[in-house]
Amino acid sequence: MKDLVDYCNNYGFIFQGSEIYGGLANTWDYGPLGSRLKNTIKDAWRYFFIQKRDNAYEVDADILMNPRVWEASGHVQSFSDPLVDCKECKTRHRADNLIDDFDENAHADGMTQEEMMNYIKEHNVPCPNCGKSNFTDIRQFNLMFATQRGVTNDSANTVYLRPENAQGEYVNFLNVLRTTRTKLPFSIGQIGKAFRNEITPGNFTFRTIEFEQMEFQTFCKHGDDEDIYEYFKNYGIEFFNMLGLPKEKLRHHDHEKLAHYAKAACDIEYLFPFGWGEINGTHNRTDFDLSRHAEFSGKKQEYCDQTTGEKFTPYIIESTYGLDRITLAVLFEAYTIEELENGDTRELLKISPALAPIKLNICPIKKKFHSEKAKEILAMCKKHFMTSYDESGSIGKRYRRADAIGTPWQISVDEKTVEENIVTLRDRDTMEQIELKVEELVPYIEERIQFEK
Ligand code: GAP
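All values reported here derive from a predicted model rather than from experimental measurement.

Cut-offs applied
Residues numbered from 1 in each chain as written. Predicted model: local features only at pLDDT ≥ 70, side-chain atom pairs only at ≥ 80, totals over all residues. Heavy atoms only, no water. Helix = DSSP H or I, 4+ residues; strand = E, 2+ residues; numbered from the N terminus. Contact = heavy atoms within 4.5 Å. Areas by Shrake-Rupley, 256 points an atom, 1.4 Å probe, with all protein chains shown as cover. Core = buried A, V, L, I, M, F, W, Y, C linked by side-chain atoms within 4.5 Å. Buried < 20%, exposed > 50% of the residue type's maximum accessible area, 1.4 Å probe, protein only. Pairing = 2+ DSSP bridges. Near = heavy atom within 4 Å. Polar contact = N/O pair within 3.5 Å; in protein donor to acceptor, adjacent residues only side chain to side chain. Arc of directions from axis to C-beta. Axes fitted to C-alpha atoms, helices over the stretch in contact; angles between N-to-C directions. Left-handed = near helix turned anticlockwise from the far one by under 90°. Nonpolar A, V, L, I, M, F, W, Y, C, P; charged D, E, K, R; others polar. Domains from an automatic or database assignment. Disulfide = S-S within 2.5 Å.

Across its full length, the chain carries 15 helices and 23 strands. Considering only C-alpha atoms, the chain reaches an extent of 75 × 65 × 50 Å along its principal axes. Nonlocal contacts in the chain, meaning residues at least 24 apart in sequence, comprise 66% of its contacts between residues at least 6 apart. Carbon and sulfur atoms form 47% of the exposed surface of the chain, whose accessible area is close to 22,200 Å².

Turning our eyes to something else, we now look at the nonpolar core. One finds Phe-13, Phe-239 and Phe-240 to be the most contacted residues of the largest nonpolar core, which totals 56 residues. Among the elements of the structure, helix H1 (2-11), helix H2 (32-51), strand S10 (210-220), helix H9 (225-242), strand S12 (264-272), strand S16 (315-322) and helix H11 (323-334) are those that each provide at least two residues to this core. With sequence-adjacent residues up to four places away left out, Phe-239 is seen in contact with Ala-44, Trp-45, Phe-48, Phe-49 and Tyr-321.

A few words on the pairing of S10. Burial analysis of S10 places 10 of its 11 residues in the buried class, the great majority of the element. In terms of strand pairing, strand S9 (residues 186-195) meets S10 through 10 bridges, oriented antiparallel. Each residue of the ladder has a partner; that of Ala-194, found in S10, is Phe-211. In the sheet, S10 pairs with S16 via eight bridges, with the strands oriented antiparallel. Its bridge partner being in S16, Thr-218 is matched across the sheet by Ile-317.

Here the focus is the site of the ligand. In the vicinity of the ligand, 20 residues are found, and the nearest of them are Glu-164, Arg-196, Glu-215, Glu-278 and Glu-318. Between Thr-208 and the ligand, the recorded distance is 2.9 Å, taken from a backbone N or O atom to a nitrogen atom. In isolation the ligand has 560 Å² of accessible area, and contact with the protein removes 92% of it. Within the residue set of the shell around the ligand, elements represented by two or more residues are S10, strand S13 (275-284) and S16.

What follows deals with H1. Every buried residue belonging to H1 is among Leu-4, Tyr-7 and Cys-8, and all of these are buried. What you see down the axis of H1 is that its buried residues fit within an arc of 95 degrees, all on one side. Across from the buried face of H1, at angles greater than 90 degrees, the exposed residues are Lys-2 and Asn-10. Contact partners of the buried residues in H1: strand S1 (14-16), H11, strand S17 (335-339), strand S18 (345-349) and helix H13 (395-404).

Describing two packed helices takes the angle between their axes plus the distance from one axis to the other. The N-to-C vectors of H2 and H9 enclose an angle of 140 degrees; their axes lie 11 Å apart at closest approach. As H2 runs across H9, the sense of the crossing is right-handed. Here Ala-44, Trp-45, Tyr-47, Phe-48 and Phe-49 of H2 come into contact with H9, specifically with Tyr-235, Glu-238, Phe-239 and Met-242. A per-class count over the contact of H2 with H9 returns eight nonpolar, no polar and one charged.

Structurally, Glu-318 can be placed in strand S16. Residue Glu-318 is classed as buried on the basis of its relative accessible area of 1%. At 2.6 Å, the side chain of Glu-318 forms a polar contact with the side chain of His-283. Beyond its immediate stretch of four places on either side in the chain, Glu-318 contacts Ala-166, Tyr-170, Glu-215, Phe-216, Gln-217, Gly-281, Thr-282, His-283 and Arg-285.

Once that is clear, we can look at the sheet that holds strand S4 (residues 80-85). Ordered by their spatial adjacency, three strands build an open sheet running S5-S4-S6, and the pairing between neighbours is antiparallel. Because the sheet does not close on itself, it has two edges, and the strands there are strand S5 (92-94) and strand S6 (139-142). Recorded for the sheet is a direction-independent mean angle of 45 degrees between the axes of neighbouring strands. Each of S4 and S5 touches helix H5 (residues 95-102); the most contacted strand, S5, lies at about 70 degrees to it.

Another point: the pairing of S17. With five bridges connecting them, S17 and S18 associate as antiparallel partners. Bridge pairing links Thr-336 to Leu-348 in S18. What sits between the antiparallel neighbours S17 and S18 is a turn of five residues, in which Gly-343 has the positive phi angle 95 degrees.

A separate point is the domain arrangement of the chain. Split by domain assignment, the chain resolves into domain 1 (29-79 + 143-331), domain 2 (81-139) and domain 3 (358-448). One C-alpha centre belongs to domain 2, the other to domain 3, and the line joining them spans 56 Å.

What follows concerns the state of the cysteines. Put plainly, a disulfide is one covalent bond tying together the sulfur atoms of two cysteines. Within this structure, the stated rule accounts for zero disulfides. Cys-127 takes part in no disulfide bond, and the closest cysteine sulfur, belonging to Cys-89, lies 3.7 Å away.

Pasting the structure below:
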């Protein structure tokens, strides 16, 4: 973990949030390469979930919503973590995490609050900070960030930073149905920020208080829900394989204890260096959400089957993806220290070309003679994909710098380029070099940066 945090900071992927002020716990800023990488993962999600699918639509709903939304969704009443304080060292912990860290087979997610307290007492579960076992009773702590709108500071003006994207998609169910004239099953997706007042340590960007989700809600008829739920559990694995996360480091984790709205729930977990961690959740939310919004808004949330005339409230299958966690998993998977035949090592980001922040690096061999031609090629390539230009230092060092940030191809520009319009193209992973005509360069790369063949 430390190596990756240093790597991300050194190359401009991820910085500590508000660093010059000493930071703010569990906040991180994405630098030039990190934000590019996040964008390529968003592009991959848009390709896989919106572009390539039938009846799939994207929305961009506001973060601030009418507070009644969060009453209808159940978040005001029950979106909370069970917290305990250590009476000895005054640190605060999540009771379920204390138990699961103490014994991974205990499965605190299936326990009631009382069962968790009894377990901690019976097993003398220790405080991870001071090692003693002397805790307060469990208190439920709501994770939503509340803020005030308008000029008066009273509870009637309380609004919440959304703790999930989903409600933005649900409240637009009728709008999307009306404007697209689509039929069931259809899906509404959204990429956007969510906020949670998490108190537990974050494991870098794994658990943060502000994060991005890529959510996909499929509205369907009751009876079709179970098949669609199974389908999206597997579709998630395919998506992660496309991003370069291998099957052996992914697993399904079915939930034992279900949220109040769910009929079935399953996470996809990735094997991080600190253990298995959730990067996706698929939930069969039944007709809970639309029924609750109908009740709280007074507006029916129904679908009318044109062939039978039947009116009903659709079920929702949700498949939600944590963008920051996926970015972290992709970085862990790709970050490599490679031993070379001559005994040297090289730092390498072995990332899929489709996700690489920069696709091509252009290196003039001699700045004085070749930079003009190299800049001409740069201008041509920039119209098609992210391209960088490096004319400083030895060619070997320039190659290494670009390998380290995952640039899949580099070209050197020399006399042969000036005279014959031929470049030498080097492959990041094999380090093999081939010659290409300048006009072959863009099609060569464009063909290889597709998400799927
Ligand atoms: N709409 C359902 C929902 O929000 P969730 O399982 O609470 O479900 C979905 O969150 C995804 O968001 C998770 O699978 C995870 O990848 C990501 N996520 C949740 N909390 C997070 C946090 N504090 N920091 C970073 N990512 C988080």
